[in-house]
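Here are the chains, one letter per residue:
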Amino acid sequence: MFRLFRSSAFRLTLLYMVTFGASVTALLIFVYTAIISDMEEDLKHSISVQTEDLRRSFGLLGPTEIATSIQHMLEKDEEKTLVLMLIDRNWHVVAGNLELWPGGKTNVGTWIKFPIAKTQNTSMPPMAIAMNSTLPGGYILLVGRKMAEIEHVHEIIVEVLYICFGIMFALAAAGGMLISYTIYRRIEAINQAFRRVAAGALTTRVKVAGTGDEFDHLAMHLNQTLNRICELIDGVRDISYSVAHDLRTPLNRLRHRLESLLAPQVTQEKMTQEVRVSLAEIDALVGTFNAILRIAQAEMGAGVEQFTDFDLSQAVLDVADLYRPVAEEKSQHMTTEIAENITFNGDRHLMTQTVANILDNAIKYTTKGGAIAVTLSATDSYFELKIADSGPGIPEAFHGKVVEKFFRLEQSRSSPGNGLGLSLVSAAVKLHRGDLSFANNAPGLVVIIRLPVK
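Residues numbered from 1 in each chain as written. Predicted model: local features only at pLDDT ≥ 70, side-chain atom pairs only at ≥ 80, totals over all residues. Heavy atoms only, no water.

Attention now goes to the overall build of the chain. Along the chain, the regular secondary structure elements total ten helices and twelve strands. Burial status across the chain gives 35% buried among its 454 residues. Partitioning the contacts of the chain with sequence separation of at least 6, the portion at a separation of at least 24 is 62%. Total accessible area on the chain is roughly 27,400 Å²; 59% of this is exposed by carbon and sulfur atoms. (Helix = DSSP H or I, 4+ residues; strand = E, 2+ residues; numbered from the N terminus. Buried < 20%, exposed > 50% of the residue type's maximum accessible area, 1.4 Å probe, protein only. Contact = heavy atoms within 4.5 Å. Areas by Shrake-Rupley, 256 points an atom, 1.4 Å probe, with all protein chains shown as cover.)

Right, let's talk about the packing of helix α8 (residues 312–329) against helix α9 (residues 348–365) for a bit. Their axes nearest at 10 Å, the elements α8 and α9 cross at an angle of 30°. Between α8 and α9, the angle falls in the class roughly parallel. For α8 against α9, the interelement crossing comes out right-handed. Facing Ala315, Val316, Asp318, Val319, Ala320, Tyr323, Val326 and Ala327 of α8, the residues of α9 in contact are Arg348, Thr352, Val355, Ala356, Leu359, Asp360 and Ile363. Considering only residue class, the contact of α8 with α9 consists of eleven nonpolar, one polar and three charged. (Axes fitted to C-alpha atoms, helices over the stretch in contact; angles between N-to-C directions. Parallel < 35°, antiparallel > 145°, perpendicular 65-115°, else oblique. Left-handed = near helix turned anticlockwise from the far one by under 90°. Nonpolar A, V, L, I, M, F, W, Y, C, P; charged D, E, K, R; others polar.)

In low-pLDDT segments, the atomic positions of the prediction should not be examined closely. On average, residues of the chain score 81 in pLDDT, and 87% of them are at 70 or above. Element-level pLDDT for the chain is lowest in helix α1 (residues 2–5), with a mean of 56, against a maximum mean of 92 in strand β9 (residues 371–378). (pLDDT = per-residue confidence, 0-100.)

Grouped together as the largest cluster of nonpolar side chains are 35 residues, with contacts concentrated most on Leu312, Leu359, Leu385 and Ile449. Only α8, α9, β9, β10 (382–389), α10 (421–431), β11 (435–440) and β12 (445–452) provide two or more residues apiece to this core. Those residues in contact with Leu312 that sit more than four places away from it in its chain are Ile342, Phe344, Leu376, Phe383 and Leu451. Grouped together as the second largest cluster of nonpolar side chains are 26 residues, Phe58, Ile70, Leu82 and Leu84 included. (Core = buried A, V, L, I, M, F, W, Y, C linked by side-chain atoms within 4.5 Å.)

The terminal C-alpha atoms of helix α4 (residues 148–198), which comprises 51 residues, lie 72 Å apart, in line with the 75 Å expected from a rise of 1.5 Å per residue. Of the residues trailing α4, Gly200 is marked for its positive phi of about 115°. (Expected span 1.5 Å × (residues − 1).)

Moving on, we come to the pairing of β10. The two faces of a sheet get side chains in turn, since along a regular strand they alternate between them. For β10, the buried fraction is high: six of the eight residues fall into the buried class. Across seven bridges, β9 lies against β10 in antiparallel orientation. Pairing of Ile372 across the sheet is with Asp389, part of β10. Between β9 and β10, which follow one another and run antiparallel, lie three residues. Looking at chain direction, β10 and β12 are connected through seven bridges and run antiparallel. Within the sheet, the bridge partner assigned to Lys386 lies in β12 and is Ile448. (Pairing = 2+ DSSP bridges.)

With that settled, the discussion passes to the environment of Glu281. Of note, Glu281 is situated in helix α7 (residues 268–299). On the basis of relative accessible area, Glu281 is assigned to the buried category, the value being 15%. Dropping the residues within four chain positions of it, Glu281 is found in contact with Pro250, Arg253, Leu254 and Arg257.

With that settled, consider empty space enclosed by the protein. Counted according to the given criterion, the structure contains one cavity of 30 Å³ or more. Its volume calculated, the largest cavity comes out at about 40 Å³. In this structure, the largest cavity is lined by Leu312, Val316, Met351, Val355, Leu376, Leu385, Ile449 and Leu451. For the lining of the largest cavity, the secondary-structure elements that each account for two or more residues are α8, α9 and β12. Classifying every residue of the lining of the largest cavity by side-chain character gives eight nonpolar, no polar and no charged. (1 Å grid on protein atoms, 1.4 Å probe; cavity = no way out; pocket = protein on both sides within 12 Å on 5 of 7 lines; lining within 4 Å. Points joined across faces, edges and corners; volume = space filled by probe spheres on them.)

Turning next to the packing of aromatic side chains. Under the definition given, this model contains three aromatic pairs. Plain terms: the ring middles of Phe344 and Phe383 are 6.2 Å apart, the flat faces sit at 80° to each other, and that makes the pair edge-to-face. Placement of Phe344 in strand β8 (residues 343–346) and of Phe383 in strand β10 is noted, with a sequence separation of 39 residues between them. The burial state of Phe344 is the same as that of Phe383; both residues are buried. Taken together through their ring pairs, the aromatic side chains of Phe310, Phe344 and Phe383 make up a single cluster. (Phe/Tyr/Trp six-rings, centres within 6.5 Å; stacked < 30°, edge-to-face > 60°.)

It is worth spelling out the side chain of His432 at this point. Tracing the sequence through the fold places His432 in the loop between α10 and β11. The buried category is assigned to His432, whose relative accessible area is 2%. Engagement of the side chain of His432 in a polar contact is seen with the backbone oxygen of Ala428, the distance being 2.8 Å. Those residues in contact with His432 that lie beyond four places of it in its chain are Phe307, Phe344, Asn345, Gly346, Asp347, Leu350, Met351, Leu451 and Pro452. (Polar contact = N/O pair within 3.5 Å; in protein donor to acceptor, adjacent residues only side chain to side chain.)

The subject of this paragraph is the pairing of strand β1 (residues 82–87). Counting buried positions along β1 yields six of six residues, so the element is predominantly enclosed. Neither face of β1 is open: one carries Leu82, Leu84 and Leu86, the other Val83, Met85 and Ile87, and all of them are buried. Two strands pair when backbone bridges link them, and β1 and strand β5 (residues 140–146) are joined in this way by six bridges, in the antiparallel orientation. Residue pairing across strands places Ile87 opposite Ile140, the latter belonging to β5. Turn length for the β1-strand β2 (residues 93–96) hairpin, with the two strands adjacent in sequence and antiparallel, is five residues, and the turn residue Trp91 shows positive phi of about 65°.

What describes two packed helices is the angle between their axes and the distance between those same axes. With their axes 9 Å apart at the nearest point, α9 and α10 run at an angle of 145° to one another. Remark: the crossing between α9 and α10 carries left-handed chirality. Contact with α9, carried on its side by Leu350, Gln353, Thr354, Asn357, Ile358 and Asn361, involves Gly421, Leu422, Leu424, Val425, Ala428 and Leu431 of α10 and no other residues of that element. A breakdown of the residues in the contact of α9 with α10 according to their chemical character gives seven nonpolar, five polar and no charged.

Written out as structure tokens, the structure is:
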């Protein structure tokens with residue numbers, strides 16, 4: 001629970017509660033002020049009307065009659081809310097229900113609020129609001145009303161405000177705690193999953209609640225990331241095992257060859273021959289490691305930021321022209337059907353290497369006098385590259401395995417190569433968000449690459 005109070009979710013909820021409370025408080029104060037101000041304006045209006053009536057009567061009847069009228073008005077005031085007072089020039093009370101002029105002589109001619117004498121049933125003296133005005137002959141008239149009704153409404157509103165504040169903050173606190181706990185629980189589930197991953201349980205995944213909210217989207221993205229990390233780790237593990245297994249033999253062979261050169265009976269001609277063979281094997285090993293490096297870079301997405309628009313049609317045609325003499329040496333017939341002016345955004349060198357690897361395999365495994373066809377076409381949504389040959393093909397059961405690093409079919413183990421060509425093709429196609437597939441050419445194999453237009 002202590003960690004919950006220290007969480008960002010709790011602090012954000014607390015900030016929301018304070019903001020919401022301040023907004024509601026400001027609104028209620030505005031409503032309160034508007035109600036009280038409206039009641040005071042109504043009270044002032046009635047006082048102003050009564051004052052004007054008494055002033056006109058004073059001009060017609062004189063002070064004595066006005067004093068009598070004031071007494072009659074006070075007697076008829078059953079609710080005892082009237083405040084009336086008439087004084088002469090010497091500040092002597094002529095008529096009214098006040099003994100002293102409220103507020104002193106400086107308050108003549110203004111609206112004044114003042115307390116009435118305290119009664120036994122009130123804890124505070126009731127307030128009154130009055131308007132005073134001067135009359136001919138130095139008389140001063142005070143007309144007002146007690147503010148008992150306004151004070152009663154004030155007490156009710158204040159009481160309601162306290163109740164509303166209490167309910168509002170109680171609900172806000174309960175809702176805030178619930179929201180904070182819900183958010184904290186979802187985030188803590190993610191933290192627990194990643195703590196297990198950090199401890200070595202790489203198969204752990206974040207639970208998706210199925211609500212479709214932002215936490216579910218976050219969980220799905222995190223699971224996708226963990227899946228990708230596991231794939232990369234498995235790939236590194238497979239590469240390490242394959243490198244150790246497949247390169248051990250040529251390295252041992254190279255070591256024995258170099259050791260044989262230490263024998264005293266080795267002739268210069270033998271030494272030269274063995275060195276040349278050893279250099280060729282070293283070059284092959286370097287080529288294998290370079291291929292592994294290029295595959296790793298493609299699988300990690302390296303170089304995407306350097307993609308540029310290039311003429312894919314020309315790139316495929318250049319590779320076909322480069323390998324045409326090689327095919328002709330084996331009496332193979334190569335045909336090309338390439339749509340013109342296809343512009344593609346990607347890595348030109350990597351795509352050229354991809355086409356070269358496929359053509360190299362097609363020429364290598366197609367028998368003498370066979371046929372190879374290179375086709376490049378375009379649709380509204382993708383570009384399609386097909387390279388078909390009339391060789392032995394690949395059994396359908398192995399279509400998914402031939403792209404694995406160092407994987408080679410039994411009939412291919414006697415031929416030169418390291419089993420990385422199609423792995424590089426697969427990695428390059430994935431880097432360009434494309435799709436790689438294989439089909440039976442009856443006889444032979446068709447390699448199909450589809451690349452997105454955008």
